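The residues making up each chain are set out below.
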Amino acid sequence: MKRNEWTQLIQLPVFLPRLGSFLYLIFGVYIILLLSNFIYEIARQEGFVHPFTLLFLLLFFYALKAFIQGIYKVLSNPIQQEEGNGQEVRTKGWLKKIALQRAYKNWKNQPQMIWGLFLQPSYVEEVLRYQDEYIRHPGDWQIPDHVYDHLLLMDLLSHLFEADHKVPKAIHLAAQSMQTAKAIGWFVQASQGVPLRKLQGFPIPLTKRMEQALLHSRFEFTFPIELRRAEIKGLGGSRELIDAVALKTEWSDFEYPTFWRSVWTYLIHHDIRNKWDVDNIIGYIQTIKFEKPFYDEFGDPIPLEITAHPRFEITGRNVNKLLREATVWSEKVHQLDLGMQAVWAQSIQPLHLSLPQGGTVGILPLLTKRDLYQEGEAMNHCVAEYASDCIVGTSSIWSMRSNPHTVEEERLLTIEIHEPDCIVQALGHDNRPAKPQELVYLKEWAKENTLRLSLES
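The sections below set out a description of the structure shown in this document. These numbers were taken from a predicted model, which means no experiment stands behind them.

Basis of the calculations
- Residues numbered from 1 in each chain as written.
- Predicted model: local features only at pLDDT ≥ 70, side-chain atom pairs only at ≥ 80, totals over all residues.
- Heavy atoms only, no water.
- Helix = DSSP H or I, 4+ residues; strand = E, 2+ residues; numbered from the N terminus.
- Buried < 20%, exposed > 50% of the residue type's maximum accessible area, 1.4 Å probe, protein only.
- Contact = heavy atoms within 4.5 Å.
- Pairing = 2+ DSSP bridges.
- Axes fitted to C-alpha atoms, helices over the stretch in contact; angles between N-to-C directions.
- Core = buried A, V, L, I, M, F, W, Y, C linked by side-chain atoms within 4.5 Å.
- Arc of directions from axis to C-beta.
- Polar contact = N/O pair within 3.5 Å; in protein donor to acceptor, adjacent residues only side chain to side chain.
- Phe/Tyr/Trp six-rings, centres within 6.5 Å; stacked < 30°, edge-to-face > 60°.

As for the overall build of the protein chain
Next up, step 1: Along its length, the protein chain carries 18 helices and 6 strands.
Next up, step 2: Expressed as a percentage of the 457 residues in the protein chain, the buried residues total 44%.
Next up, step 3: Considering only intrachain contacts with a sequence separation of at least 6, the fraction spanning at least 24 residues in the protein chain is 61%.

As structure tokens, this is what we get:
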């Protein structure tokens, strides 16, 4: 095929960066309109011969020229004359050819074909690393008529590399989910007949039993989970242990394959398969060895205050002692988590005031972390950060509302009291100061509860 047939094509793989060009053009329109307005105002007041008028005219024509050039570049995307190695030129060319002749013609019915493969050009760049291993001409790739966008890369890899050796489903799953040079490299090696246990750079070393377990997996989960399940099954772990461990698997765990394999061997040797015991041991290890933080339901870290032991090793440990330590850790996490969600004490009487003109005003306590989060979301401020103060009892938070507990309810102020009796903050939406009428209600409530008013400025 002639070179110009490969190179004279639209570069859809760089479509996403070109979105920036469109934003640039929109900004250009704004600048041109702004300059036009300046020129009109100055010319109307000073005349066209005024220096400022001439300066803005010059800027106007410069911006207009850049704008026209930008439109031409984005819409026509002129042909790029690529230089370099012939194979490299052809390889870049077939991407454009596929994008234009295969995917673009199906744009109306299957837009995912463009978005799936070409939205992130880095996927394709990783494929280019292995162009010397292609067994089929890339230009012969036929995009399937019906395929999900995330499977396009897999279909392309199969076309380029698969021949006599069928690539295992595990590697398809890895390449599909990871989309990195390493995973594509596994795909290339597997297509050449390399066994899974001998793939270079694989996350963990595999035995033959682990390899067979991975090959025969039903792949109901993500690749990391399936890999961990195969590892424990290959070690002889029970179904209960496999299920308990796999669902807690994260990619970061594969950074320490030797250590975690010693953990799985320990659990199998001591026949620990109860889900709660397994969860407690893994969580305990992640905390003391790797200092992994744990979070409550709002995404805030739970302050465990447990001494870290980076050199922790499980081999040789007394199983009963380990279970006790893990149970104590779990109870501490649970208690702290409950503490973050617990209802704290209410030491002041709320306000319920009927207004002469109709309606009511109330000052209500916020007694849970969820209450604080909802108040912060509604009022657009940071009251949720006061949860720890409420838990230890140094502050209490209140919400002034009109017509509380009705469909007409409206939040007016968020109030902080430094215990036991000093009102230090009363702020509205976006931290606005309290309005005069709101201060009237606040002072009446303070008088009823013998509170001091010392609002921060």
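Some thoughts on the sheet that holds strand 3 (residues 395–402)
Next up, step 1: The sheet built from 6 strands is open, its strands ordered 1-2-3-4-5-6 with mixed pairing. Taken across any chain shown, the strands that pair with only one partner, and hence form the sheet edges, are strand 1 (351–354) and strand 6 (452–453).
Next up, step 2: Bridge analysis of strand 2 (residues 360–366) against strand 3 gives 6 bridges, and the strand direction is antiparallel. Looking at strand 3, one finds that Gly362 is bridged to Arg401.
Next up, step 3: Together, strand 2, strand 3, strand 4 (410–418) and strand 5 (422–427) form the strand contacts of helix 16 (residues 369–379), whose direction differs from that of strand 4 by roughly 125 degrees.

Observations regarding the nonpolar core
Next up, step 1: Residues Leu157, Ile171, Trp186, Phe202, Leu206, Leu214 and Leu227 are the most contacted members of the largest nonpolar core, which totals 35 residues.
Next up, step 2: Within the residue set of this core, elements represented by two or more residues are helix 6 (121–128), helix 7 (152–161), helix 8 (169–178), helix 9 (181–191), helix 10 (208–215) and helix 11 (223–235).
Next up, step 3: Sequence-distant contacts of Trp186, defined by excluding residues within four places in its chain, comprise Ile171, Ala174, Met178, Leu199, Gln200, Gly201, Phe202, Pro203 and Phe223.
Next up, step 4: Leu241, Tyr266, Ile272 and Phe294 belong to the second-largest nonpolar core, a separate cluster that totals 26 residues.

What to know about helix 10
Within an α-helix, residues lying three or four positions from one another point in the same direction, as the helix has 3.6 residues per turn.
Next up, step 1: Listed as buried for helix 10 are Met210, Glu211, Ala213 and Leu214. Buried residues of helix 10 fall within an arc of 160 degrees about the axis and therefore sit on the same side. Within helix 10, the exposed residues directed more than 90 degrees away from the buried face are Lys208 and Arg209.
Next up, step 2: Of the surrounding secondary structure, the elements contacted by the buried residues of helix 10 are helix 8, helix 11 and helix 13 (257–269).

Overview of the side chain of Asn449
Next up, step 1: With respect to the element layout, Asn449 can be found in the loop between helix 18 (436–448) and strand 6.
Next up, step 2: From its side chain, Asn449 meets the backbone oxygen of Trp445 in a polar contact 3.1 Å long.
Next up, step 3: Apart from the residues lying within four places of it in its own chain, the contact partners of Asn449 are Ile348 and Gln349.

Considering the packing of aromatic side chains
Next up, step 1: Overall, the coordinates contain 12 aromatic pairs when judged by the stated rule.
Next up, step 2: Between Phe202 and Phe223, the ring centres sit 6.2 Å apart and the planes meet at 80 degrees, which makes this aromatic pair edge-to-face. Here the residue Phe202 occupies a position in the loop between helix 9 and helix 10, and Phe223 occupies one in helix 11, the gap between them amounting to 21 residues. You'll find Phe202 and Phe223 in the same group, each marked buried.

Fair warning: the whole summary comes from geometry, so function is off the table for now.
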